[in-house]
Amino acid sequence: MHRELDDTPQGLGKAGDTAGLSALISRATRAGKGLPPVERWNPPFCGDLDMEIRADGTWFYLGTPIGRMPLVQLFSTVLRKDEDGKTYLVTPVERVGIRVVDAPFVAVEMNVSGQGSERVVTFRTNVGDVVEAGPSHPLRFVDEDETGGLKPYVLVRGRLEALVARPVMYELVEFGEEIEISGVPMFAVRSQGEIYPIMPAEKLRRLSA
């Protein structure tokens, strides 16, 4: 095996349980020293892992939900979404693919401070990330065709996004306002001086009628 993991007979793709995965990732990333620089690592692809993040943010390994939040938080620190659109667990020596049903994270709490152009919308994710919507963490809104509703996402890091949970979305739209964008009146929200359009104001009026 690669030098960094010489003290273990297994790699990420061969670990038989979450405890084994946790031990490998802890050694490879020197856990406890902040987020590892996964964007700078270029390890070889070592296959897919039977791990899935469901739409509600629950992590499954070998078909069983991972009930220990510290493990989920540890795994979340080595997630990376690449240009191929796939999501991986990445260490300095290995890259293994996992399945993500929607977004890898869920924004479960929101705080709003300031008014108008000074407003700042801050989100907390289910794994403990705290991000302020703005230039570095933009919001986007996607039409949900099957329900006719909206799904908001906020960029957390790299290409990894958090789906804004529905109760939080309802809080968010309370701060929406009508703003003209490129000559079109839009229902939108502001954060850190940025404007994030939700839908045309005319469409909102139709839905509210």
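Enquirer: Mind laying out the sheet that holds strand β1 (residues 45-53), listing which residues take part and the relevant values?
Expert: Across a sheet, strands are paired by hydrogen bonds formed along the backbone, either parallel or antiparallel in direction. The 6 strands lie next to each other as β3-β2-β1-β6-β5-β4, forming an open sheet whose pairing is mixed. On the outer flanks of this sheet lie β3 (64-65) and β4 (79-81), each paired with one strand and no other. Each of β1, β2 (59-61), β4 and β5 (87-90) is contacted by helix α2 (residues 69-76), which is oriented at about 90° to β2, the strand it contacts most.

Enquirer: A description of the confidence of the model for the chain should follow, citing residues and the corresponding values.
Expert: Parts of the prediction with low pLDDT should not have their coordinates interpreted in detail. A residue-level look at the chain finds 82% of positions with pLDDT of 70 or above and a mean pLDDT of 86. The secondary structure element of the chain with the lowest average pLDDT is helix α1 (residues 18-29), at 61, and the one with the highest is strand β12 (residues 160-164), at 98. For the stretch residues 1-9, pLDDT sits under 50, and the model shows 12 contacts to residues farther than four places along the chain or on other chains.

Enquirer: Which residues make up the pattern of salt bridges, and what values do they have?
Expert: In this structure the tally under the stated criterion is 16 salt bridges. A salt bridge links arginine 54 to glutamate 52, with the nearest nitrogen and oxygen atoms 2.3 Å apart. You can call arginine 54 partly exposed: its relative accessible area is 32%. Residue class for glutamate 52 comes out buried when judged on its relative accessible area of 16%. For the salt bridge of arginine 157 with aspartate 129, the shortest nitrogen-to-oxygen distance reads 2.9 Å. Of this pair, arginine 157 sits in strand β11 (residues 149-157) while aspartate 129 is found in the loop between β8 (120-125) and β9 (130-132), placing the two residues 28 residues apart along the sequence. Among the charged side chains, a network of salt bridges with common partners joins Asp50, Glu52, Arg54 and Arg99.

Enquirer: Give a detailed account of the nonpolar core, specifying residues and quantitative values.
Expert: Of all hydrophobic cores here, the largest spans 44 residues; its most connected members are Met51, Leu89, Phe123 and Leu139. Broken down by element, this core gets its largest block of residues, 4 residues, from strand β7 (residues 105-113).

Enquirer: Describe in detail the side chain of arginine 119, supporting the description with residues and values.
Expert: Of note, arginine 119 is situated in the loop between β7 and β8. Here arginine 119 falls in the buried class, since its relative accessible area comes to 8%.

Enquirer: Can you break down the packing of aromatic side chains residue by residue, with the values?
Expert: Taken as a whole and assessed by the stated rule, the structure comprises 2 aromatic pairs. Measuring from ring centre to ring centre gives 6.2 Å for tryptophan 59 and phenylalanine 75, while their planes differ by 35°; the resulting arrangement is tilted. Highlighted residues: tryptophan 59 in strand β2 and phenylalanine 75 in helix α2, separated in sequence by 16 residues. The two residues tryptophan 59 and phenylalanine 75 agree in class, both being buried. Positioned over the ring face of phenylalanine 60 is arginine 54, at 3.7 Å from the centre of the ring. It is arginine 95 that lies over the ring of tyrosine 88; its NZ or CZ is 4.7 Å from the centre.

Enquirer: So what's going on with the sheet that holds β12? Which residues, and what values?
Expert: With mixed pairing, the 6 strands of this open sheet are ordered in space as β9-β8-β7-β12-β11-β10. Only two strands of the sheet have a single partner each, and these edge strands are β9 and β10 (139-144). Shown here is a sheet whose adjacent strand axes are inclined to one another by a mean of 40°, direction ignored. Two elements, β8 and β9, share 3 bridges in a ladder whose sense is antiparallel. Its bridge partner being in β9, arginine 124 is matched across the sheet by valine 130.

Enquirer: Can you tell me about helix α3 (residues 166-173), naming the residues and giving the values?
Expert: For an α-helix, the turn length of 3.6 residues means that residues three or four places apart are oriented alike. Where α3 is concerned, the buried positions are Val168, Met169 and Leu172. Taken end-on, α3 shows its buried residues confined to a sector of 105°, consistent with a single buried face. The secondary structure elements touched by the buried residues of α3 are β7, β8, β10, β11, β12 and β14 (184-191).

Enquirer: Give me the environment of threonine 77: which residues, what numbers.
Expert: Here threonine 77 shows up in the loop between α2 and β4. For the pair threonine 77 and proline 37, spaced 40 residues apart in the sequence, the C-alpha separation amounts to 9.3 Å. Ignoring any residue separated from it by four or fewer positions in sequence, one finds threonine 77 in contact with Leu35, Pro36, Val38 and Arg157.

Thresholds applied
- Residues numbered from 1 in each chain as written.
- Predicted model: local features only at pLDDT ≥ 70, side-chain atom pairs only at ≥ 80, totals over all residues.
- Heavy atoms only, no water.
- Pairing = 2+ DSSP bridges.
- Helix = DSSP H or I, 4+ residues; strand = E, 2+ residues; numbered from the N terminus.
- Contact = heavy atoms within 4.5 Å.
- Axes fitted to C-alpha atoms, helices over the stretch in contact; angles between N-to-C directions.
- pLDDT = per-residue confidence, 0-100.
- Salt bridge = Lys/Arg side-chain N within 4 Å of Asp/Glu carboxyl O.
- Buried < 20%, exposed > 50% of the residue type's maximum accessible area, 1.4 Å probe, protein only.
- Core = buried A, V, L, I, M, F, W, Y, C linked by side-chain atoms within 4.5 Å.
- Phe/Tyr/Trp six-rings, centres within 6.5 Å; stacked < 30°, edge-to-face > 60°.
- Lys NZ or Arg CZ within 6 Å of the ring centre and 35° of its normal.
- Arc of directions from axis to C-beta.

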